[in-house]
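Letter by letter, the chains look like this.
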Amino acid sequence: MSSLNTAQFDKARIRHLLKLGIFAACMVMLGDILLGWGVNDPDVTEIPAVFTRYLSVSDARIIASALLGLIGIPIECLCWFAVYRMIRPYSESDAHLFRGGIIGCLAFGGCGVHVPCCMAVYLLKRVYAADPSSVYGEMLPWIGWFLVPATVLFMIFFILTAAVQFRAFAKGHTPYPKWCAVFSLFAGVVWMIIMRLCGDHALTNALATGWISAANLWMMGGLLYMNRKVM
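Residues numbered from 1 in each chain as written. Predicted model: local features only at pLDDT ≥ 70, side-chain atom pairs only at ≥ 80, totals over all residues. Heavy atoms only, no water.

**As for the packing of aromatic side chains**
In step 1: Enumeration over the complete set of coordinates arrives at eight aromatic pairs.
In step 2: With 5.5 Å between their ring centres and 80° between their planes, phenylalanine 81 and tyrosine 84 make a pair best called edge-to-face. In this pair, phenylalanine 81 and tyrosine 84 both sit in helix H4 (residues 81-87), three residues apart, roughly one turn of the helix.
In step 3: Assessed through its relative accessible area of 9%, tyrosine 84 is described here as buried.
In step 4: Aromatic side chains tryptophan 142 and phenylalanine 146 sit 6.0 Å apart centroid to centroid with 45° between the ring planes, which places their arrangement in the tilted category. (Phe/Tyr/Trp six-rings, centres within 6.5 Å; stacked < 30°, edge-to-face > 60°. Helix = DSSP H or I, 4+ residues; strand = E, 2+ residues; numbered from the N terminus. Buried < 20%, exposed > 50% of the residue type's maximum accessible area, 1.4 Å probe, protein only.)

**Examining the pattern of salt bridges**
In step 1: Using the criterion set out here, one finds four salt bridges in the structure.
In step 2: Of the charged contacts in the structure, one is a salt bridge between arginine 167 and aspartate 94, with a shortest N-O distance of 2.4 Å. Of this pair, arginine 167 sits in helix H6 (residues 135-170) while aspartate 94 sits in helix H5 (residues 92-130), and the two are 73 residues apart along the sequence.
In step 3: Residue classification places arginine 167 among the partly exposed positions, given a relative accessible area of 35%.
In step 4: A relative accessible area of 2% places aspartate 94 in the buried class.
In step 5: Here the salt bridges share partners, and the residues they tie into one network are Asp59, Lys125 and Arg126. (Salt bridge = Lys/Arg side-chain N within 4 Å of Asp/Glu carboxyl O.)

**Let's talk about the side chain of threonine 174**
In step 1: Among the structural elements, threonine 174 can be located in the loop between H6 and helix H7 (187-197).
In step 2: One polar contact links the side chain of threonine 174 to the main-chain amide nitrogen of tyrosine 176, over a distance of 3.1 Å.
In step 3: In this view, threonine 174 contacts Met86, Ile87, Tyr90, Ala168 and Phe169; residues no more than four positions away in its chain are not counted. (Polar contact = N/O pair within 3.5 Å; in protein donor to acceptor, adjacent residues only side chain to side chain. Contact = heavy atoms within 4.5 Å.)

**A few points about the environment of leucine 185**
In step 1: Summarising the element assignment, leucine 185 is placed in the loop between H6 and H7.
In step 2: Along the primary structure leucine 185 and arginine 196 are separated by eleven residues, whereas in three dimensions their C-alpha atoms are 18 Å apart.
In step 3: Ignoring anything within four residues of it in the chain, the contact list for leucine 185 reads Trp80, Phe158, Thr161, Ala162, Gln165, Ala215, Asn216 and Met219.

**Thoughts on the nonpolar core**
In step 1: Core analysis: the largest hydrophobic core is formed by 39 residues, its most contacted members being Leu18, Trp80, Phe98, Phe169, Tyr176 and Leu223.
In step 2: Listed by contribution, the elements that provide at least two residues to this core are helix H1 (11-36), helix H3 (59-79), H4, H5, H6 and helix H9 (211-230).
In step 3: Not counting chain neighbours up to four residues away, the residues in contact with leucine 223 comprise Leu18, Val83, Met86, Gln165, Phe169, Tyr176 and Phe183.
In step 4: Core analysis: the second largest hydrophobic core is formed by 16 residues, Val44, Tyr54, Leu124 and Val135 among them. (Core = buried A, V, L, I, M, F, W, Y, C linked by side-chain atoms within 4.5 Å.)

**Here's the deal with the layout of surface pockets**
In step 1: Within this model, the largest pocket holds a volume of roughly 1,000 Å³.
In step 2: Lining the largest pocket are 37 residues; nearest its centre among them are Tyr54, Val113, Cys117, Leu147 and Thr209.
In step 3: Where the lining of the largest pocket is concerned, the elements lending two or more residues are H1, helix H2 (49-52), H3, H5, H6, H7, helix H8 (202-209) and H9.
In step 4: Per element, the largest residue contribution to the lining of the largest pocket is nine residues, and it comes from H6.
In step 5: Here the lining of the largest pocket is composed, by residue class, of 27 nonpolar, six polar and four charged. (1 Å grid on protein atoms, 1.4 Å probe; cavity = no way out; pocket = protein on both sides within 12 Å on 5 of 7 lines; lining within 4 Å. Points joined across faces, edges and corners; volume = space filled by probe spheres on them. Nonpolar A, V, L, I, M, F, W, Y, C, P; charged D, E, K, R; others polar.)

**Quick notes on the packing of H1 against H8**
In step 1: Where H1 contacts H8, the axes come no closer than 8 Å and their chain directions differ by 130°. On the basis of their axis angle, the class for H1 and H8 is oblique. As for how H1 packs across H8, the hand of that crossing is right-handed. In this structure, H1 uses Met29, Asp32, Ile33 and Gly36 to contact H8, whose residues at the interface are Ala202, Asn205, Ala206, Leu207 and Thr209.
In step 2: In terms of residue class, the contact of H1 with H8 is built from five nonpolar, three polar and one charged. (Axes fitted to C-alpha atoms, helices over the stretch in contact; angles between N-to-C directions. Parallel < 35°, antiparallel > 145°, perpendicular 65-115°, else oblique. Left-handed = near helix turned anticlockwise from the far one by under 90°.)

See the structure below:
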């Protein structure tokens, strides 16, 4: 634990941001579950098996998922400033990098990735219904030009944010114990792998879809729990 006086921190604002972030993560997780709930259809051979479950997703679920993510993801990202406020008094360089990651995720997360993903599912259903043999020809250019670039940019900023956060906590650049580095956004990757290993089930597929929301819940929930103990 650093010798810095924790009175320097706006403790109430940090707790408020963590609580709001948990609420936003629950919103986005609900949207991810609505979009990802389903199982693979072995009778569909025109598209990869992992995408066949989206053919049964209703338009109402797709639209609800898009709107929940459109609102919830920016709030999630803005609430990461709770972590920024923890880091800044200890390390200006880590805080600067972390803030850059937040801005990038805020720019590309909701409108750049999540909503276009929902649009892709919406279009996939219609293209498949019109002519299953045309799915590749119609969908690949759209995904390649409009979804992949934003996804790559988002992942660069997401990895930057997660890596800087982990390093800052592990080096003691926050008022938290170093072991609190376990409350990391990287936990979402572990969550997704575990859900995938559970097999092709509607619930686990849905929960795997929400891996970033699960990471946010783990990170913000853990930091909020420890907040009163260390600040």
